[in-house]
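In case you want the letters, here they are:
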Amino acid sequence: MRAAPAIPDAIRADVETLWRYHDMRHQLRPCDVGIGLGSDDRGVAVIAARLFHEGLYPRIVFTGANAPTTVELFPRGEAVHYREYAVEQGVPAESILVEPLARNTSENLEYSRQLLAEREIPVRSALIMSRPFQQRRAYATCKLVWPEVEVVCASNPLEIDDYVRGMGDPRQVVDMLVGDTQRIEVYAERGFAIPQEMPDEVRVAFGRLVEAGYTSRLI
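On a predicted model such as this, the values are computed, not experimentally measured, just so you know.

Quick notes on the rules
- Residues numbered from 1 in each chain as written.
- Predicted model: local features only at pLDDT ≥ 70, side-chain atom pairs only at ≥ 80, totals over all residues.
- Heavy atoms only, no water.
- Pairing = 2+ DSSP bridges.
- Helix = DSSP H or I, 4+ residues; strand = E, 2+ residues; numbered from the N terminus.
- Axes fitted to C-alpha atoms, helices over the stretch in contact; angles between N-to-C directions.
- Contact = heavy atoms within 4.5 Å.
- Phe/Tyr/Trp six-rings, centres within 6.5 Å; stacked < 30°, edge-to-face > 60°.
- Buried < 20%, exposed > 50% of the residue type's maximum accessible area, 1.4 Å probe, protein only.
- Salt bridge = Lys/Arg side-chain N within 4 Å of Asp/Glu carboxyl O.

A. Broad picture of the sheet that holds strand β1 (residues 33–37). Here we have five strands laid out as an open sheet, ordered β3-β2-β1-β4-β5, and parallel in their pairing. The outermost strands of the open sheet, each flanked by one partner alone, are β3 (96–99) and β5 (150–154). In this sheet, neighbouring strand axes are inclined to one another by 20° on average, regardless of whether the strands run parallel or antiparallel. Bridging between β1 and strand β2 (residues 60–63) involves four bridges; their strand directions are parallel. Directly across from Leu-37, in β2, lies its bridge partner Thr-63. Along the sheet, helix α3 (residues 78–88) makes contact with β1, β2 and β3, crossing β3 at roughly 165°. Here helix α4 (residues 105–118) sits on the sheet in contact with β1, β2, β3 and β4 (125–129), set at roughly 130° to β3.

B. Structural view of the packing of aromatic side chains. Inspection of the entire model under this criterion finds five aromatic pairs. Here Phe-52 and Tyr-57 contribute two aromatic rings whose centre-to-centre distance is 6.5 Å and whose plane-to-plane angle is 45°, an arrangement assigned as tilted. Summarising the burial analysis for this pair, Phe-52 and Tyr-57 share the class buried. Judged by centre distance (6.1 Å) and plane angle (90°), the ring pair of Phe-133 and Tyr-163 falls under edge-to-face. Here the residue Phe-133 occupies a position in the loop between β4 and α5 (135–145), and Tyr-163 occupies one in helix α6 (residues 160–167), the gap between them amounting to 30 residues. The buried category is assigned to Phe-133, whose relative accessible area is 1%. For Tyr-163, a relative accessible area of 3% translates into the label buried.

C. Up close: the pattern of salt bridges. With the rule as written, the count across this model stands at twelve salt bridges. The closest approach of N and O atoms between Asp-180 and Arg-137, which form a salt bridge, is 2.9 Å. Placement of the pair is Asp-180 in helix α7 (residues 170–189) and Arg-137 in helix α5, with a sequence separation of 43 residues. For the residue pair Asp-180 and Arg-137, the accessibility class agrees, reading buried in each case. Salt-bridge contacts for Glu-185 lead to Arg-203; the nearest nitrogen and oxygen are separated by 2.5 Å. You can see Glu-185 sitting in helix α7 and its partner Arg-203 sitting in helix α8 (residues 200–211), a full 18 residues away along the chain. A relative accessible area of 37% places Arg-203 in the partly exposed class.

D. Quick look at the side chain of Gln-134. By the secondary structure assignment, Gln-134 is in the loop between β4 and α5. Given a relative accessible area of 2%, Gln-134 falls into the buried group. Among residues more than four places away in sequence, those in contact with Gln-134 are Leu-37, Thr-105 and Asp-180.

And the structure:
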């Protein structure tokens, strides 16, 4: 039997440090809308459907076109596939809006905001769902492009090992985790997001992973 894909022991502590950093640990509470950010992670649709059924929001916006990493997985577009999954899970179709054009996190949020405004849906609070390692970047981006909204972040609640098994490729997961860590500071410097504190232990872990060759998602 083939061994399940796993994080190498030599880098596990550093990977776990970055994984914890990106988890905003927000207390879930009812919001005006749930927004599922498109990606290669079907878990976004999973948590969006679950939290809808738990009564945390009355409607969902799924947002996302395609990226090179998702066009085969979601050929009709990320947001469209997320919607289809949510409907299969019993979310009423009329409770879902689809934003099919966004190609990055800033567009995800800007286009969702525009869509809700066009539908004359008032939004004071939003529960934003993303890949686990995208929470902090989603928060920082939303606070810049939609500053008046109260933001709660969430992801499908998986430990790093469970996430890796689901994705099937430890190197890809670590590369993405390292890339998102770099983007916290780079995007703030470029005016794409608000600044976020980065503890020294996160900087050290990030540097070691870069030195170990996990660089394919760096800018």
